[in-house]
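Listed here are the chains, written in short residue letters.
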Amino acid sequence: MPERTDLVVIGAGPAGMAAAACAAQRDLRVLLIDEQPAAGGQIYRGLDYTDRVKLEVLGPDYPRGRELLDGLAQPGIRCLPESTVWQVTREREVFISRNGEADVVVADRIVLATGAMERAMPFPGWTRAGVMNAGAGQILLKGSALIPDDNAVLAGSGPLLYLLAWQYLQAGVKVGAILETTPRSNLIQAMVHLPGALRANAYLRKGIGLLRAIRRSRVPHFRGVTALRALGSAQVESVAFESGGNAHALPCSILLLHQGVVPNVQITRSLGLEHDWAPLPRCWHPRVSAWGETAIEGIYVAGDGGGIGGAEVAAQQGRLAALHAAQHLGAISVQECESQARPVRRHLAYHLAVRSFLDTLYSPAREYLCPSNETIICRCEEVTAGSVREYVRLGCLGPNQTKAFGRPGMGPCQGRLCGLTVSEVIAGARGVSPAEVGYYRVRPPIKPITLGELATLPLPDEQQLEAQDIG
Amino acid sequence: MPNGLSFNRLSERPGGTVTICFEGQPVTAQDGDTVAAALLAAGYAVTRTTPVHGVPRGPFCMMGVCFDCLLEIDGRANRQGCMVRVTEGLQVRRMAGARSASIGEADA
């Protein structure tokens, strides 16, 4: 018989850690699964091992994750690190691969806390070695204390770009340049949302502080950057772009890209759940209740996987889902659930107040959402935007059809990286919204698994099989 | 040969170093590194060539999303270098183009 537990939490970032701790405090048996060797998620990655230098460089927000990590030290929580979830079923079975062996756990409740990933930023040459996500730069810093040599160039838009630049400056890296692709018109549009954002002004103060420090450092900062290209042979050697009506080229061996983060929807998509198109951050959100519960009873989404809110929002959403799960399992009453949720919802509203402003201010430039024909948009199968436009001309209406025509989304990443771009390109070519175009049909296994691993899966009880035969 | 990508260590873990083998060459890594991080730290930008056009690629997302850092690790093909920790003596090779099907490999 497969193992049974009260609650399975998938993903040990802020949402998952908070959900696990909150549920265990209410006497639920919790299994917390994560791909990494230690809890923390991407934001608090490497927090299990820190030294003075790393803490100074990463800044004051990073060690805040300790409280969440400490919350996991409870008898009711079993952590399953270095474990990959490759399927979740509507019957609340969770299939795991660990140390080359497959296993299955059945849960009364599941919290999907799979977080965010960086939005792809395709342009000619972005597939060259040495071009990486800004998040990858941060992971190298948190996980291995690695900083790039001088002349690394940071390109794109959004708070993480400034944070990484600031962290590199703290570490003494001479950043080659910051190439800001944020359209200038965004600022004017964002001003409408400023009064709302002022309610959570800690975020604004932090952002202004980062920008000031970057300005003081005299790192070349180009604004309104268009026509970005990564040039070189085997790997990137220079970056070319236009800014202020002039063409520029800078040498670089490391080019770090960022244009915001988007929900990782692989599991919610593979469950066949409804997703709504959010026109402002231009991504899909799984449809959930005020507790984070999806249309499948007992399966919740918490954190950035349900819509980008950041670490604080994620933790509060994790708690809400855990409270609802605890109430459903009889650990707390309906009244207790409501009263305990009240302060959580208050925090949530505070931390969400800044989102409309940030989403508008850093809305990506059209050029990097819907790239030029020559740009590879599916990195795995090396399919260009031009090919996808050609499939639309031939009659394809959505990404599942273009996939059949030319394989975009069919490689090992299973469309994670190209999904949004392919939908945008098709929508652009058809002159409709991505909401009408839809998204890839995601099917399990959502991470590759070998047949050898699959064969280690425990078979259902023989007696049960016989009973089924008789039935 | 390392190909000129430069990352530097800000500080080192007291845990010490681990030596792995990349394309027959020893690579010194820090305990706790992923294979992809260790290769970048050693100056290797290119970790595979693609199956379709045979062009060079290197690690891109470092968090298990993009599958661009696919490597052959201890005889097992198509493993995500950013998701595997270094251990002493790990044998790592580049993935070259498309993988050919063969029977009786060490996959199981």
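Computed from a prediction, not measured in an experiment: that's the story for all the values here. (Residues numbered from 1 in each chain as written. Chains lettered and ligands numbered in written order. Predicted model: local features only at pLDDT ≥ 70, side-chain atom pairs only at ≥ 80, totals over all residues. Heavy atoms only, no water.)

As for the overall build of chain A
- Each helix and strand counted, chain A has 19 helices and 22 strands in total.
- Computed over C-alpha atoms, the radius of gyration of chain A comes to 23 Å, within 12% of the 23 Å expected from 2.2 N^0.38 for 471 residues, which places it in the range of a compact globule.
- Dimensions of chain A, computed from C-alpha atoms along their principal axes, come out at roughly 75 × 50 × 40 Å.
- Counting the 471 residues in chain A, one finds 58% classified as buried.
- The long-range share in chain A, meaning contacts at least 24 apart out of those at least 6 apart in sequence, stands at 68%. (Helix = DSSP H or I, 4+ residues; strand = E, 2+ residues; numbered from the N terminus. Rg over C-alpha atoms; globule rule 2.2 N^0.38 Å. Buried < 20%, exposed > 50% of the residue type's maximum accessible area, 1.4 Å probe, protein only. Contact = heavy atoms within 4.5 Å.)

Points about the pattern of salt bridges
- One pass over the full model with this rule turns up 24 salt bridges over all chains.
- Across the salt bridge formed by D61 of chain A and R64 of chain A, the nearest N and O atoms sit 2.5 Å from each other.
- Between E453 of chain A and R76 of chain B there is a salt bridge whose closest N-O contact spans 3.7 Å. With E453 of chain A in helix α18 (residues 451-454) and R76 of chain B in strand β7 (residues 76-80), the pair connects residues from two separate chains.
- Exposure remark for E453 of chain A: the relative accessible area of 6% places this residue in the buried category.
- Members of the salt-bridge network, linked through shared partners, are R379 of chain A together with R48, R57 and D68 of chain B. (Salt bridge = Lys/Arg side-chain N within 4 Å of Asp/Glu carboxyl O.)

Considerations on the packing of aromatic side chains
Residues and elements named next belong to chain A.
- The tally for this structure, following the rule as stated, stands at ten aromatic pairs over all chains.
- With centroids separated by 5.0 Å and ring planes inclined at 70°, the aromatic side chains of F222 and F241 adopt a geometry described as edge-to-face. Of this pair, F222 sits in strand β12 (residues 221-222) while F241 sits in strand β14 (residues 236-243), placing them 19 residues apart in sequence. Here the two residues F222 and F241 agree in accessibility, since each one is buried.
- The ring of W291 carries R345 above its face, with NZ or CZ at 4.5 Å from the centroid.
- A cation sits over an aromatic face here: R379 above W126, 4.7 Å from the ring centre. (Phe/Tyr/Trp six-rings, centres within 6.5 Å; stacked < 30°, edge-to-face > 60°. Lys NZ or Arg CZ within 6 Å of the ring centre and 35° of its normal.)

Things to note about the interface of chain A and chain B
- With 49 residues of chain A in contact, the opposing surface of chain B contributes 46 residues.
- Both sides together, the interface formed by chain A and chain B hides about 4,000 Å², and carbon and sulfur atoms give 59% of it.
- Together, Y49, L146 and E382 of chain A form the three largest contributors to the area buried by chain A at its contact with chain B, with a combined 15%.
- Our count for the chain A to chain B interface comes out at two salt bridges.
- Applying the counting criterion to the chain A and chain B interface returns 15 residue pairs in polar contact (both at pLDDT 80 or more).
- Counting residues per element, the ones that place at least two in the side of chain A that touches chain B are α2 (52-58), β7 (116-118), β8 (131-133), α4 (134-144), β9 (146-148) and α18 of chain A.
- The element that contributes the greatest number of residues to the side of chain A that touches chain B is α4 of chain A, accounting for six residues.
- Both β9 of chain A and strand β1 (residues 7-9) of chain B contribute to a ladder of three bridges, which runs antiparallel. Looking at β1 of chain B, one finds that L146 of chain A is bridged to R9 of chain B. (Buried area = accessible area lost by both parts, 1.4 Å probe. Polar contact = N/O pair within 3.5 Å; in protein donor to acceptor, adjacent residues only side chain to side chain. Pairing = 2+ DSSP bridges.)

Brief notes about the sheet that holds strand β13 (residues 226-232) of chain A
Residues and elements named next belong to chain A.
- Pairing is antiparallel across the open sheet formed by three strands, whose spatial order is β13-β14-β15. Across the chains shown, the open sheet's two edge strands, defined by having one partner strand only, are β13 and β15 (246-251). Ignoring strand direction, the axes of neighbouring strands in this sheet form an average angle of 20°.
- Where β14 lies against β15, six bridges are found, and the strand directions are antiparallel. Residue pairing in the sheet places A240 in a bridge with A249 of β15. (Axes fitted to C-alpha atoms, helices over the stretch in contact; angles between N-to-C directions.)

Focus: the nonpolar core
- If you look at the biggest cluster of nonpolar residues, it comprises 170 residues, and the most contacted ones within it are L179, L228 and L255 of chain A.
- A per-element tally of this core places helix α10 (residues 311-328) of chain A first, with ten residues.
- Among the nonpolar cores identified, the runner-up in size contains 15 residues, and A29, L71, I73 and L90 of chain B belong to it. (Core = buried A, V, L, I, M, F, W, Y, C linked by side-chain atoms within 4.5 Å.)

Let's talk about the sheet that holds β8 of chain A
All names here are of chain A.
- Overall, parallel pairing links the five strands, which are arranged β8-β16-β10-β11-β12 in an open sheet. Only two strands of the sheet have a single partner each, and these edge strands are β8 and β12.
- Sheet analysis places β8 next to strand β16 (residues 255-259), joined by three bridges and oriented parallel. Across the sheet, V131 pairs through a bridge with L255, a residue of β16.

A few points about helix α14 (residues 385-393) of chain A
All names here are of chain A.
- For α14, every residue scored as buried is listed here: A385, G386, V388, Y391 and V392.
- The inward-facing, buried residues of α14 contact β21 (376-378), β22 (383-384), α15 (399-406) and α16 (419-430).
- Just beyond α14, the residue with positive phi is G395, at close to 120°.

Let's talk about the packing of helix α5 (residues 159-170) of chain A against helix α8 (residues 201-217) of chain A
Residue and element names in this part refer to chain A.
- As a packed pair, α5 and α8 sit with axes 9 Å apart at the nearest point and diverge in direction by 50°. As summarised for this structure, α5 and α8 are arranged oblique, according to the angle between their axes. Of the two possible hands of crossing, α5 and α8 adopt the one that is left-handed. Of the residues in α8, those touching α5 at Y162, L163, A165, W166 and L169 are K206, L210, L211, A213, I214 and S217.
- Residues that form the contact of α5 with α8 fall into these classes: nine nonpolar, one polar and one charged. (Parallel < 35°, antiparallel > 145°, perpendicular 65-115°, else oblique. Left-handed = near helix turned anticlockwise from the far one by under 90°. Nonpolar A, V, L, I, M, F, W, Y, C, P; charged D, E, K, R; others polar.)

Comments concerning unusual backbone geometry
All names here are of chain A.
- Residue P445 is bonded to the preceding P444 through a cis peptide linkage, with omega at 0°.
- Its location among the elements puts P445 in the loop between α17 (434-437) and α18.
- The backbone of R218 shows a phi angle near 60°, a positive value even though the residue is not glycine.
- Position of R218 among the secondary structure elements: in the loop between α8 and β12.
- Not every positive phi belongs to a glycine, and Q414 is a case in point at roughly 55°.
- Of the residues examined, Q414 reaches a relative accessible area of 23% and is grouped as partly exposed.

Remarks on the confidence of the model for chain B
- The pLDDT averaged across chain B works out to 89; a share of 87% of its residues lies at or above 70.
- The complex prediction reports pTM at 0.95, with the ipTM value standing at 0.94. (pLDDT = per-residue confidence, 0-100.)

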